[in-house]
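Reading the structure
Chain by chain, the residues run as shown.
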Amino acid sequence: VQLPLPNGVNKEAVLSNISSDKDVDGFRADSLGSLAGGISEKGTITYTPCTAKAIMTLLDYYSVPVSGKKVCIIGRSTTVGMPIQLCIMKRGGSVTNCDINTVHLASFTKEADILIVAAGSPALVKGDWIKPGAVVIDVGFHVIAKNEMDFQIVGDVDPEGHHYASLMTPVPGGVGPLTVHMLLENTIEAFLKQQRKNNLTTIYD
């Protein structure tokens, strides 16, 4: 299911009709429940939402410690903000969750050792909002027209942020492609689980 859905379409009704075995996006409520502490129905297969899985993979790949760190997440969506908050909390990070309407937003970002921005607002976070040496994960992707013949792709963090961060994901080419990779990984995992469930063997085992 490609979100967001058109106006008038009940998102919850659509997502609830997807079998949990096939919910490779991790959009169903029981996938969030599983992240929150395994409260999905016994025996139900759930998958970590792809963007959250991509972010955790990036942090692991670059050996970024999470436990005990101050983590600021801007964005509260059920597809990114909430899942990544749960993932970070499970790793022992101290999470502050904000959105674009948070009063004095910069005061929270400046305290963060890890800053994850999924606000849907171009260049929302300015360079001087970033704690020197922080790790910045920019989930945003926006195509901005400079004129009739030219455009610019930006994230939710001002590109100048790299002068302050120790690590910062690029836009484009950062979280987005890895999210697609995680979707394919979940899809293959779902396929193999279904094969095993039906006592079938494949060349992938």
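Quick note: structure is the one above.
Summary of the structure given here. These figures come from a predicted structure and were not determined experimentally. (Residues numbered from 1 in each chain as written. Predicted model: local features only at pLDDT ≥ 70, side-chain atom pairs only at ≥ 80, totals over all residues. Heavy atoms only, no water.)

1. Comments concerning the overall build of the protein
Counting its secondary structure elements, the protein contains six helices and seven strands. Relative to the compact-globule value of 17 Å for 205 residues, the protein shows a C-alpha radius of gyration of 18 Å, a close match. Oriented by its inertia axes, the alpha-carbon framework of the protein measures out at about 55 × 45 × 35 Å. Within the protein, the fraction of its 205 residues that count as buried is 40%. Long-range pairs, those at least 24 residues apart, make up 59% of the contacts in the protein between residues at least 6 apart in sequence. (Helix = DSSP H or I, 4+ residues; strand = E, 2+ residues; numbered from the N terminus. Rg over C-alpha atoms; globule rule 2.2 N^0.38 Å. Buried < 20%, exposed > 50% of the residue type's maximum accessible area, 1.4 Å probe, protein only. Contact = heavy atoms within 4.5 Å.)

2. Observations regarding the pattern of salt bridges
Scanning the model with the defined rule gives seven salt bridges in all. For K131, the salt bridge goes to D113, with nearest N and O atoms at 2.7 Å. One end of the pair, K131, is in the loop between strand 3 (114-117) and strand 4 (135-138); the other, D113, is in the loop between helix 5 (105-109) and strand 3, and 18 residues separate them in sequence. On the basis of relative accessibility, which here comes to 30%, the residue K131 falls in the partly exposed class. Here K146 ties to D150 by a salt bridge, and the two come within 3.8 Å at their closest N and O atoms. Under the relative-accessibility criterion, D150 is labelled partly exposed at 34%. (Salt bridge = Lys/Arg side-chain N within 4 Å of Asp/Glu carboxyl O.)

Interpretation note: all reported values are geometric properties and have no functional meaning in isolation.
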